[in-house]
Amino acid sequence: MMSTVDIANLRQWIGKDEVRHDVLSPGHARLMAATLGLPTSGSVTGAPLPALWHWIYFLDAAPPDQLGRDGHPMRGGFLPPVPLANRMWAGSRLIFHAPLPLGAMGERRSRVESVEHKQGHSGELVFVTVLHEILLDGRVAISEHQDIVYKELAPPGLVVASPKVPEARHSKPFSPTSTTLFRYSALTFNGHRIHYDVDYCREVEGYANLVVHGPLNATLLAAFAEEITGRPVTAFNCRGVMPSLLGQALTVNATPVDEHLALWIGLPDGKVGMTATAFF
């Protein structure tokens, strides 16, 4: 079959950029803490923003008439108009240069770095990599290469290979509820319907239940890394492997490997939903 992907056209988006400003509101951070079941008392002006909580700021405020069927902003604005059906966050590679204090005014500079067309086991894939830089007083505090994947609908019965992971040295359960997903969607202004519209999940994108946000899983892994080491992460890489779904009993796992910490989200069948590496 001929591809519907005009990669030459999509690559015209490489270099496209945008800038956003936002106040790192302590109130918004308190809501995030409550969503994760953490104490809210530490979310005060001047306190450092926890790792990956920058994802609840600098949000895309697209109005209803600029949303696509999936609830995301329509394609062809900042991101290229990839014609493949499904779109989701695939992973990020982050470096933390300096803490971000709550209450500060921050700036996010974003630029499309690359657009790649690939063939996967489920069909065509397009990966768009965006560089986000979070600045405070003109200096970069966080640099993040974020990968967004566009793909065809997965055929029924598709089996995804799970990566090998070491034996977990540290582990704790995580059982998200529909309220957890609703709150995280609200905090990140994420309209993607796979996180709250179960009929859309099943009938359009082919998931058995609501999908747990990849960034939520990554945030839990980063927090677990700091919890068990007592040290702030200086770099963090994470990659989604397969979706974790509402109703699954998940585990957050970690084990030291050389000078870093290997982390992953475990699924009930022994497979892996996300892998990550934390550096200190």
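Not measured: the values here are computed from a predicted model.

Draft legend 1. Representation of the overall build of the chain in the model. When helices and strands are tallied, the chain shows 5 helices and 10 strands. Over its C-alpha atoms the chain spans a radius of gyration of 18 Å, differing by no more than 12% from the 19 Å that the globule rule assigns to 280 residues. Its C-alpha atoms give the chain principal-axis dimensions of about 55 × 45 × 35 Å. The proportion of buried residues among the 280 residues of the chain is 47%. For the chain, contacts bridging at least 24 residues in sequence account for 71% of all contacts bridging at least 6. For the chain, the computed accessible surface area is about 13,700 Å², with 55% contributed by carbon and sulfur atoms. When the 23 positive and 26 negative side-chain charges of the chain are each reduced to one mean point, those points stand 2 Å apart.

Draft legend 2. Broad picture of the layout of surface pockets. Each pocket or cavity is described by its volume, and for the second largest pocket that value is around 450 Å³. Together, 23 residues line the second largest pocket, and Pro48, Leu49, Pro50, Ala51 and Glu226 are the ones closest to its centre. Tallied by class, the residues present in the lining of the second largest pocket amount to 18 nonpolar, 4 polar and 1 charged.

Draft legend 3. Inspection of the packing of aromatic side chains at higher detail. Under the counting rule described, the total for this entry stands at 1 aromatic pair. Their ring planes at 70 degrees and their centres at 5.7 Å tell us that Trp55 and Trp89 sit as a pair that is edge-to-face. Of this pair, Trp55 sits in the loop between helix H2 (26-36) and strand E2 (86-96) while Trp89 sits in strand E2, placing them 34 residues apart in sequence. The ring of Phe127 carries Lys118 above its face, with NZ or CZ at 5.2 Å from the centroid.

The rules we used
- Residues numbered from 1 in each chain as written.
- Predicted model: local features only at pLDDT ≥ 70, side-chain atom pairs only at ≥ 80, totals over all residues.
- Heavy atoms only, no water.
- Helix = DSSP H or I, 4+ residues; strand = E, 2+ residues; numbered from the N terminus.
- Rg over C-alpha atoms; globule rule 2.2 N^0.38 Å.
- Buried < 20%, exposed > 50% of the residue type's maximum accessible area, 1.4 Å probe, protein only.
- Contact = heavy atoms within 4.5 Å.
- Areas by Shrake-Rupley, 256 points an atom, 1.4 Å probe, with all protein chains shown as cover.
- Lys, Arg positive; Asp, Glu negative; His and termini not counted.
- Charge placed at Lys NZ, Arg CZ, Asp CG, Glu CD.
- 1 Å grid on protein atoms, 1.4 Å probe; cavity = no way out; pocket = protein on both sides within 12 Å on 5 of 7 lines; lining within 4 Å.
- Points joined across faces, edges and corners; volume = space filled by probe spheres on them.
- Nonpolar A, V, L, I, M, F, W, Y, C, P; charged D, E, K, R; others polar.
- Phe/Tyr/Trp six-rings, centres within 6.5 Å; stacked < 30°, edge-to-face > 60°.
- Lys NZ or Arg CZ within 6 Å of the ring centre and 35° of its normal.

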